[in-house]
Amino acid sequence: MINVTKTFLPPLNEYIDYLKKIWESCWITNQGPLSEELESKLKDFLNVKNLLLVSNGTIALQLAIKALGLKGEIITTPYSYVATTNSIIWENCVPVFCDIESKTFCIDPDLIESKITENTSAIMATHVYGFPCDVEKIKSVADKHNLKIIYDGAHAFGVKYKNESLLNFGDISTVSFHATKLFHTIEGGAVICRDENISEKIFLYRAFGHLDDEYYTIGINGRTSEFNAAMGLCNLPGVNDFILERKKINLLYRECLNGSALGFPVIPGDIEYNYSYFPVFFSSGEKMHEMKNILYKNGINARRYFYPSLNKLPFLSTESCPVSERTASCVLCLPVFNGMSADDIKFISDVINKNIHI
Ligand SMILES: *Cc1c(COP(=O)(O)O)cnc(C)c1O
């Protein structure tokens, strides 16, 4: 089976070298030397001011909501992974869905204002597939109405907008280092922000709110382990090559599927993209399902990413978001992973080309 993604594992001896260090120090968690090293290398790599490693991308979102003291309604995107919505509800806030732009799949900045009420405290948007939200327009709406901005940057690692990391925008950006992401630490994530006070809050929240015997605030366990940090240290030096390889995969798909009646996203001209996903769009949900089944019978596991449109989650009262709902019903993400062969891409494309017109 060719799965939609395949976790990259570094050469085993590189990981073992880090394991030896862990055995020598006998320090396996609680912000040990490898976690410190990875945090500092990630800050340099992304050129961001404050970055705190946490145990996953979902706790990163929850810590962000907590640190900004958000209450009431948070305007958010229906087109994301369920973690975005869940983190809002888990932190006792109310998600208010604002439909997306059909071109970028990100929240439509022109619709945000119509969703603002006296209870709105923030905007939480996702850089979908690594494509940037309209960060300027969103900032101007937020400034006008005194709202905070959180970006779920789970897909945005390595993406640059106007020559800086996309994770530098918003009051807080979060990222996921889960095994399925472009850069991973097995499980993991990070919170990124410019403001020192926010960074200090998250530093305390991440580890129960205390330093030694001084108890400053409420907190939770959001920390990462030395084993996770070691995986990150093995993987980080390869990230630029991973991106180049994925770019080749992306271009080969586009070449092979050219003229196949599928819709492809347009990569914005003003960004450095990370090629993290390869979504394709069918003319109807029926056609998508048909193709998904045909692919599966041919040993190819394409995934509906994102589905469902989050405003349709069964535990929420539904609001209508037609663009997001339509996009979610017609999308399939084709396999993209490091180490994927050109033959795999040609094979997948052939299956699609042969069956698209039925
Ligand atoms: C993967 C992902 C998350 C969750 O990250 P975890 O590290 O798995 O908790 C959140 N948002 C988006 C958009 C994601 O793709």
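A. Representation of the packing of aromatic side chains. Inspection of the entire model under this criterion finds 22 aromatic pairs. Taking the centre distance of 5.3 Å and the plane angle of 85° together, the rings of Tyr-79 and Phe-306 count as edge-to-face. Placement of Tyr-79 in the loop between strand S3 (73–76) and helix H4 (82–90) and of Phe-306 in the loop between strand S15 (300–301) and helix H11 (322–330) is noted, with a sequence separation of 227 residues between them. Classification of Tyr-79 by relative accessible area gives buried; the value is 0%. Relative to Phe-183, the ring of Phe-157 has its centre 5.0 Å away and its plane inclined at 15°; by these criteria the two rings are stacked. Of this pair, Phe-157 sits in the loop between strand S6 (148–152) and strand S7 (160–161) while Phe-183 sits in the loop between strand S9 (172–176) and strand S10 (189–193), and the two are 26 residues apart along the sequence. Residue classification places Phe-157 among the buried residues on the basis of a relative accessible area of 3%. Since its relative accessible area comes to 1%, Phe-183 is described here as buried. Taken together, the ring pairs connect Tyr-79, Phe-105, Tyr-129, Phe-131, Tyr-273, Tyr-275, Tyr-277, Phe-281, Tyr-305 and Phe-306 into an aromatic cluster. Geometry around Tyr-307 places Arg-304 over its ring, the cationic atom sitting 3.6 Å from the centre.

B. Looking closely at the pattern of salt bridges. Taken as a whole, this structure holds 9 salt bridges when the rule is applied. In this structure, Arg-206 and Glu-39 form a salt bridge, with 2.9 Å as the shortest nitrogen-oxygen distance. With Arg-206 in helix H7 (residues 196–206) and Glu-39 in helix H2 (residues 33–46), the pair connects residues that are 167 residues apart, well separated along the chain. Both residues of the pair, Arg-206 and Glu-39, belong to the buried class. Here Arg-194 ties to Glu-164 by a salt bridge, and the two come within 3.8 Å at their closest N and O atoms. Taken together, the positions of Arg-194 in the loop between S10 and H7 and Glu-164 in strand S8 (residues 164–165) put the pair 30 residues apart, joining distant regions of the chain.

C. Representation of the domain arrangement of the protein chain. We note that the domain assignment places domain 1 (2–237) and domain 2 (239–355) within the protein chain. Here the C-alpha centroids of domain 1 and domain 2 sit 24 Å apart. On the domain 2 side, the residues contacting the 46 residues of domain 1 number 48 residues. With both chains or domains summed, domain 1 and domain 2 bury close to 3,900 Å², and 66% of this area falls on carbon and sulfur atoms. It is Ile-2, Tyr-129 and Leu-182 that lose the most area in domain 1 upon contact with domain 2, and together they represent 21% of the buried surface on that side.

D. Region of the structure containing the side chain of Lys-181. Mapped onto the secondary structure, Lys-181 falls in the loop between S9 and S10. Buried charge without a salt bridge: Lys-181, with Asp-152 as the nearest opposite-charge side chain at an N-O distance of 7.5 Å. Once residues within four sequence positions are removed from consideration, Lys-181 is found in contact with Ala-154, Ser-176, Tyr-277 and Tyr-305.

E. Molecular detail of the nonpolar core. The biggest cluster of nonpolar side chains holds 65 residues, and the ones touching the most others in it are Leu-42, Tyr-79, Tyr-129 and Phe-157. Ranked by residue count, the leading element in this core is helix H8 (residues 226–235), at 5 residues. In terms of domain composition, this core takes at least three residues from each of domain 1 (2–237) and domain 2 (239–355). By size, the runner-up hydrophobic cluster in this structure holds 25 residues, among which are Leu-262, Met-291, Met-340 and Ile-348.

F. Geometry of the side chain of Ser-324. With respect to the secondary-structure elements, Ser-324 resides in helix H11. A distance of 2.6 Å separates a polar atom in the side chain of Ser-324 from a polar atom in the side chain of Ser-309. For Ser-324, the contacting residues outside a window of four places in its chain are Pro-78, Tyr-79, Asp-99, Ile-100 and Ser-309.

G. Expanded view of the packing of helix H9 (residues 239–256) against helix H12 (residues 342–355). Orientation of H9 relative to H12, taken along the N-to-C sense of each, is 30°, at an axis distance of 9 Å. Considering their axes alone, H9 and H12 lie roughly parallel with respect to each other. Between H9 and H12 lies a crossing of right-handed hand. Only Ala-342, Ile-345, Lys-346, Ile-348, Ser-349 and Asn-353 of H12 make contact with H9, whose side of the interface consists of Ile-249, Leu-252, Tyr-253 and Cys-256.

H. Spatial organisation of the site of the ligand. In the vicinity of the ligand, 16 residues are found, and the nearest of them are Gly-57, Thr-58, Asp-152, Ser-176 and Lys-181. In the environment of the ligand, an oxygen atom lies 2.9 Å from a nitrogen or oxygen atom belonging to the side chain of His-155. A distance of 3.0 Å separates an oxygen atom of the ligand from a polar side-chain atom of Tyr-305. In this structure the site holding the ligand corresponds to the largest pocket. Elements that contribute at least two residues to the shell around the ligand include exactly helix H3 (57–67) and H4. Tallied by class, residues from the shell around the ligand come to 4 nonpolar, 10 polar and 2 charged.

About the cut-offs
- Residues numbered from 1 in each chain as written.
- Predicted model: local features only at pLDDT ≥ 70, side-chain atom pairs only at ≥ 80, totals over all residues.
- Heavy atoms only, no water.
- Phe/Tyr/Trp six-rings, centres within 6.5 Å; stacked < 30°, edge-to-face > 60°.
- Helix = DSSP H or I, 4+ residues; strand = E, 2+ residues; numbered from the N terminus.
- Buried < 20%, exposed > 50% of the residue type's maximum accessible area, 1.4 Å probe, protein only.
- Lys NZ or Arg CZ within 6 Å of the ring centre and 35° of its normal.
- Salt bridge = Lys/Arg side-chain N within 4 Å of Asp/Glu carboxyl O.
- Domains from an automatic or database assignment.
- Contact = heavy atoms within 4.5 Å.
- Buried area = accessible area lost by both parts, 1.4 Å probe.
- Lys, Arg positive; Asp, Glu negative; His and termini not counted.
- Core = buried A, V, L, I, M, F, W, Y, C linked by side-chain atoms within 4.5 Å.
- Polar contact = N/O pair within 3.5 Å; in protein donor to acceptor, adjacent residues only side chain to side chain.
- Axes fitted to C-alpha atoms, helices over the stretch in contact; angles between N-to-C directions.
- Parallel < 35°, antiparallel > 145°, perpendicular 65-115°, else oblique.
- Left-handed = near helix turned anticlockwise from the far one by under 90°.
- Near = heavy atom within 4 Å.
- 1 Å grid on protein atoms, 1.4 Å probe; cavity = no way out; pocket = protein on both sides within 12 Å on 5 of 7 lines; lining within 4 Å.
- Sits in = over half its atoms within 2 Å of the grid points.
- Nonpolar A, V, L, I, M, F, W, Y, C, P; charged D, E, K, R; others polar.

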